[in-house]
Amino acid sequence: MAYWNPRIETMPIAELKALQLKNLKALVRRLYDHSPFYRQRMEQKGVTPDDIRSLEDAAKLPFMYKKDLRDYYPDKLFVVPKRDIVRYHASSGTTGKATIVGYTRNDIETWSESLARSLTSIGLGADDVVQVANTYGLFTGGLGFHYAAEKIGAAVVPASTGNTERQIQLIQDLGVTAMAATPSYMMYVGEVAEKMGVSIKNDTKLRVGLLGAEPWSDRMRDRIQEWLGVKGINCYGASELSGPLFSECADQQGIHFWSDLTMLEILHPETHEPVGPGEKGEMVITMLTKEAFPLIRYRIGDISVIHEERCSCGRTHPRISRITGRVDDMLIIRGINVFPSQVEYSLLTNPELGNEFQIVIDRKGALDDMLVRVELKPDAFTDNINQLNALRERVESKLKNLLNVGVEIELVEPGSLPRFEGKAKRVLDRRVY
Ligand SMILES: [Zn+2]
């Protein structure tokens with residue numbers, strides 16, 4: 001088992017927590033002294049740097065919200081002089097106005113270090129060829145993986161998104177072993193390859209998918225692994241945090257969060273109290289060492305579970321389970337919370353169904369109406385109406401059992417739903433309020 005930074009990655013838990021506390025104290029002191037925003041928020045809560053004596057004391061600190069990033073657009077929350085900024089990125093703005101993140105040279109270095117540890121933990125190294133099929137540009141997905149893959153000595157193919165046939169050609173010609181992409185794009189690459197007469201599994205060296213930037217389910221992972229022969233590695237990050245920062249290790253036991261760089265709390269979304277071990281809650285993230293744009297107790301809105309015990313890979317840093325959904329992605333259907341990733345999970349338990357689906361929500365009278373269009377697999381496509389009806393009913397009842405809300409299913413022809421090169425847009429909410 002290879003480590004990028006063995007001393008830090010395998011540090012005994014007590015020592016790691018002491019390091020985390022030291023970094024937290026330094027952060028709070030720095031922001032109290034240099035950020036009018038944080039100083040004011042801390043004063044409102046009646047807390048000073050001297051009150052932070054243990055990790056639990058972090059609960060005394062104020063939260064920071066996505067709204068703050070928008071209100072202080074573009075750079076009013078930065079705490080270094082402008083001449084120290086070497087890069088800007090912007091959020092994709094899926095849930096409102098874009099937000100700007102600035103980086104110092106050290107911030108770029110820390111970002112690459114974080115992801116370099118992750119890539120090494122998957123078993124990638126100098127012998128690998130990593131094709132980055134995430135967008136290069138303001139979105140952090142492209143450059144984030146690019147810098148980290150170079151750092152570990154891998155060869156990078158900066159393919160960015162689009163031109164799928166060329167992507168497949170490059171995978172074959174350059175002996176690409178890993179590809180960074182959204183899970184939906186990974187699937188699409190598989191489909192296009194088949195049309196070109198190329199089997200990703202048998203005709204290429206591609207073995208690892210660095211997948212993230214959209215919620216996906218374990219069922220989708222199973223399909224990618226079985227069909228494409230590509231290990232689906234769950235990655236995590238957000239532009240506010242730097243970009244893609246963390247991933248699972250080769251053991252696929254959850255996403256390792258580096259405790260020297262971050263502090264993660266899992267809180268009940270309403271009471272804001274920490275949830276018990278193994279319980280689901282809202283992730284609240286503190287970035288301990290960021291210079292230009294630090295974050296204390298940022299309410300990122302993702303929902304997950306934390307695992308504190310040492311991983312089978314030997315790393316002592318905590319892991320989080322697959323993200324169930326972002327609070328913003330949650331749909332409320334007849335008063336019930338529904339995540340698109342739950343729909344995906346349930347659909348993919350049916351071997352007759354393809355990988356693509358679309359959720360359409362309408363309001364009929366006072367009631368929300370949820371329709372899910374899902375593609376059949378080519379070999380399940382038939383003229384036999386009775387057979388299709390039986391399948392539709394089976395899919396509907398499985399989904400209803402999982403979501404506790406009635407859903408109508410429409411089975412559609414293979415290849416008839418839209419495909420996406422970046423983040424999939426699977427929800428069409430046509431309700432008018
Ligand atoms: Zn591990």
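Residues numbered from 1 in each chain as written. Predicted model: local features only at pLDDT ≥ 70, side-chain atom pairs only at ≥ 80, totals over all residues. Heavy atoms only, no water.

Participant: Got a sec to walk through the nonpolar core? Specific residues and values, please.
Facilitator: Formed by 52 residues in total, the largest nonpolar core has its most connected members in Leu24, Tyr236, Leu241 and Met283. Considering each element in turn, this core owes the most residues, six residues, to helix 2 (residues 13–34). In this structure, Val157, Ile168, Val176 and Ile224 belong to the second largest nonpolar core, which totals 24 residues. (Core = buried A, V, L, I, M, F, W, Y, C linked by side-chain atoms within 4.5 Å. Buried < 20%, exposed > 50% of the residue type's maximum accessible area, 1.4 Å probe, protein only. Helix = DSSP H or I, 4+ residues; strand = E, 2+ residues; numbered from the N terminus.)

Participant: Please provide a residue-by-residue account of the packing of helix 8 (residues 183–195) against helix 10 (residues 218–228), values included.
Facilitator: Where helix 8 meets helix 10, the axes come as close as 11 Å, and the angle between the chain directions of the two elements is 30°. As judged from the angle between their axes, helix 8 and helix 10 are roughly parallel. Here helix 8 runs over helix 10; the crossing is left-handed. Touching Pro183, Met186, Met187, Gly190, Glu191 and Glu194 of helix 8 are Met220, Arg223, Ile224, Trp227 and Leu228, all from helix 10. For the contact of helix 8 with helix 10, the residue count by class is seven nonpolar, one polar and three charged. (Axes fitted to C-alpha atoms, helices over the stretch in contact; angles between N-to-C directions. Parallel < 35°, antiparallel > 145°, perpendicular 65-115°, else oblique. Left-handed = near helix turned anticlockwise from the far one by under 90°. Contact = heavy atoms within 4.5 Å. Nonpolar A, V, L, I, M, F, W, Y, C, P; charged D, E, K, R; others polar.)

Participant: Could you give an account of the sheet that holds strand 9 (residues 255–256), with specific residues and numbers?
Facilitator: Pairing in this open sheet of three strands is antiparallel, and the strands run 9-14-13 from one edge to the other. Two strands bound the open sheet, and with one partner strand each, they are strand 9 and strand 13 (306–307). Bridge count between strand 9 and strand 14 (residues 319–320): two bridges; the pairing is antiparallel. Note that in strand 14 the partner of isoleucine 255 across the bridge is isoleucine 320. (Pairing = 2+ DSSP bridges.)

Participant: Describe the coordination of the zinc ion, with residues and values.
Facilitator: Donor atoms from the polypeptide that coordinate the zinc ion comprise Cys249 (SG), His256 (NE2), Cys311 (SG) and Cys313 (SG), at 2.1 to 2.3 Å from the metal. Between the four donor atoms coordinating the zinc ion, the angles at the centre fall across 102 to 114°, so the site counts as tetrahedral. Every donor residue of the zinc ion comes from the same chain, spaced as C-x6-H-x54-C-x1-C. Here the two residues cysteine 249 and histidine 256 agree in accessibility, since each one is buried. (Donors = N, O, S within 2.8 Å, 3.2 Å for Na, K, Ca; no water. Tetrahedral: all angles 85-135°; square planar, octahedral: opposite > 155°, others 65-115°.)

Participant: Give a detailed account of the pattern of salt bridges, specifying residues and quantitative values.
Facilitator: Under the counting rule described, the total for this entry stands at 28 salt bridges. The closest approach of N and O atoms between glutamate 191 and arginine 419, which form a salt bridge, is 2.9 Å. Here glutamate 191, found in helix 8, pairs with arginine 419, found in the loop between strand 20 (408–412) and strand 21 (427–429); they are 228 residues apart in sequence, far enough to count as distant. Residue class for glutamate 191 comes out buried when judged on its relative accessible area of 18%. In this structure, arginine 319 engages glutamate 309 in a salt bridge whose closest nitrogen and oxygen atoms are separated by 3.6 Å. Placement of the pair is arginine 319 in strand 14 and glutamate 309 in the loop between strand 13 and strand 14, with a sequence separation of ten residues. Residue classification places arginine 319 among the buried residues on the basis of a relative accessible area of 5%. Overlapping salt bridges, with partners in common, bring together Asp218, Arg221, Glu248 and Arg322 in one network. (Salt bridge = Lys/Arg side-chain N within 4 Å of Asp/Glu carboxyl O.)

Participant: I'd like to hear about the environment of valine 360, residue by residue, with values.
Facilitator: Relative to the helices and strands, valine 360 resides in strand 18 (residues 353–364). Taking C-alpha positions, valine 360 is 46 Å from alanine 2, a pair spaced 358 residues apart along the chain. If sequence neighbours within four positions are ignored, valine 360 has contacts with Asp369, Met370, Leu371, Arg373, Leu428 and Arg430.

None of the figures reported here should be taken as evidence of function without further support.
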